[in-house]
Amino acid sequence: MQQRKLAIYIVLLIIAAVVIAVSTKFYETKVLSDDAEEYVLEDLRAKNPNADTVGIISWENRVNVDGSSYFEIKASASEGLSTPCPKRTHYQYFYPEQNFVPNPPERVVSGCTVCEGMGCVIAFPEEAIIASHTNSGTSAVEGYIQRYGDTVPSVKQVDGEGWTVTWRSPSASYGYKVEMESNGDISSISRN
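Computed from a predicted model, the values in this text were never measured in an experiment.

Caption draft 1: The arrangement of unusual backbone geometry in detail. A cis geometry characterises the amide bond from Tyr95 onward to Pro96, with omega recorded as -10°. Topologically, Pro96 is positioned in the loop between strand E3 (87–95) and strand E4 (106–109). For Cys112, which is not glycine, the phi dihedral falls at a positive 60°. By secondary structure assignment, the location of Cys112 is in the loop between E4 and helix H2 (125–134). For Cys112, a relative accessible area of 17% translates into the label buried.

Shown next, in the form of structure tokens:
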């Protein structure tokens with residue numbers, strides 16, 4: 001009977017040790033992920049003081065060659081979302097830092113030009129804004145933007161199938177609504 005009680009105590013101790021080890025690992029990962037998120041957002045704001053938005057796109061838990069855990073984090077910063085030519089930059093972080101040089105920032109949207117037609121993908125709001133006044137058939141919208149310097153775009157993605165960009169100026173009695181496919185082809189332009 002004594003041996004049976006001892007065996008049960010040993011099993012219970014092993015289970016308790018496993019539970020403590022797992023919960024400690026979960027807690028460490030949670031603290032590490034919270035620290036990583038705070039670090040990335042702080043760094044993005046410091047690198048992009050004029051950004052309209054900064055955010056984390058994705059992250060993955062990785063293990064380096066030494067067996068240490070780290071996060072690979074992809075983030076973005078957008079600037080000029082209320083202008084005809086916004087910019088978007090992607091950054092890659094490794095937290096905690098790894099023993100190699102991080103990738104340079106990737107300018108995803110810049111220069112006020114985007115693609116249109118077959119093979120093109122308008123993936124970001126910044127691209128939709130630019131396409132709505134630079135792609136084929138948008139000369140009326142471009143003229144409106146040039147005429148009214150205080151024109152501001154409003155953009156939304158439509159069910160992952162395309163984009164709607166509305167242009168309004170407080171100086172004008174009308175605006176434009178541009179609907180486009182996800183490949184940049186303009187579906188319709190209406191004056192409203």
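Caption draft 2: Geometry of a nonpolar patch on the surface. On the surface, a cluster of nonpolar side chains totalling about 290 Å² of accessible area is made up of Leu6, Ile10 and Ile14. Note that Leu6 resides in helix H1 (residues 2–47).

Caption draft 3: Structural context of H2. With eight of ten residues buried, H2 lies mostly within the body of the structure. Listed in full, the buried residues belonging to H2 are Glu126, Glu127, Ala128, Ile129, Ile130, Ala131, Ser132 and His133.

Caption draft 4: The pairing of strand E1 (residues 53–63), seen in detail. Here E1 runs beside strand E2 (residues 69–79); their pairing, made up of ten bridges, is antiparallel. In the sheet register, Val54 faces E2, and the bridge partner there is Ala77. Hairpin connection, E1 to E2: the antiparallel pair is bridged by five residues, and Gly67 has positive phi, about 85°.

Caption draft 5: Structural context of the pattern of salt bridges. For the structure shown, the criterion picks out five salt bridges. Between Lys177 and Glu179 there is a salt bridge; the shortest N-O distance is 3.7 Å. Residue Lys177 is classed as partly exposed on the basis of its relative accessible area of 30%. Judged by relative accessible area, which is 30%, Glu179 ranks as partly exposed. Connected through salt bridges with shared partners, the residues Glu60, Arg62 and Glu72 form a single ionic network.

Caption draft 6: View of the sheet that holds strand E8 (residues 186–191). Reading across from one edge, E5-E6-E7-E8 is the order of the four strands in this open sheet, with antiparallel pairing throughout. Strands at the two margins of the open sheet, each flanked by one partner only, are strand E5 (152–158) and E8. Taking the axes of each pair of neighbouring strands and ignoring which way they run, one obtains an average angle of 15° across the sheet. Bridge count between strand E6 (residues 162–168) and strand E7 (residues 175–181): seven bridges; the pairing is antiparallel.

Caption draft 7: View of the environment of Leu41. Mapped onto the elements, Leu41 comes out in helix H1. In sequence terms Leu41 and Val54 are 13 residues apart; their C-alpha atoms lie 6.9 Å from each other. When residues no more than four places from it in sequence are discounted, the contact partners of Leu41 are Val54, Gly55 and Ile56.

Caption draft 8: Representation of the sheet that holds E1. An order of E1-E2-E3-E4 is seen for the four strands of this open sheet, with the pairing classed as antiparallel. Strand pairing shows two members of the sheet lacking a second neighbour, E1 and E4, which therefore form its edges. Across this sheet, the average inter-strand angle for adjacent strands is 25°, counted without regard to direction. Two elements, E2 and E3, share nine bridges in a ladder whose sense is antiparallel. Note that in E3 the partner of Ser78 across the bridge is Arg88.

Caption draft 9: Quick peek at the packing of aromatic side chains. A full pass over the atoms with the stated rule returns nine aromatic pairs. On the numbers, 5.2 Å between centres and 55° between planes, the contact of Tyr144 with Tyr174 is tilted. Of this pair, Tyr144 sits in helix H3 (residues 139–147) while Tyr174 sits in the loop between E6 and E7, and the two are 30 residues apart along the sequence. For Tyr174, a relative accessible area of 14% translates into the label buried. Each member of the aromatic cluster is reached from another via a ring pair, and the members are Tyr144, Tyr148, Tyr174 and Tyr176. Here Arg191 stacks its cationic end above the ring of Tyr174, 3.6 Å away from the centre of that ring.

Quick notes on the rules
- Residues numbered from 1 in each chain as written.
- Predicted model: local features only at pLDDT ≥ 70, side-chain atom pairs only at ≥ 80, totals over all residues.
- Heavy atoms only, no water.
- Helix = DSSP H or I, 4+ residues; strand = E, 2+ residues; numbered from the N terminus.
- Buried < 20%, exposed > 50% of the residue type's maximum accessible area, 1.4 Å probe, protein only.
- Patch = residues over 30% accessible without salt bridge, like charges linked within 9 Å, V, L, I, M, F, W, Y side chains within 5 Å.
- Areas by Shrake-Rupley, 256 points an atom, 1.4 Å probe, with all protein chains shown as cover.
- Salt bridge = Lys/Arg side-chain N within 4 Å of Asp/Glu carboxyl O.
- Pairing = 2+ DSSP bridges.
- Axes fitted to C-alpha atoms, helices over the stretch in contact; angles between N-to-C directions.
- Contact = heavy atoms within 4.5 Å.
- Phe/Tyr/Trp six-rings, centres within 6.5 Å; stacked < 30°, edge-to-face > 60°.
- Lys NZ or Arg CZ within 6 Å of the ring centre and 35° of its normal.

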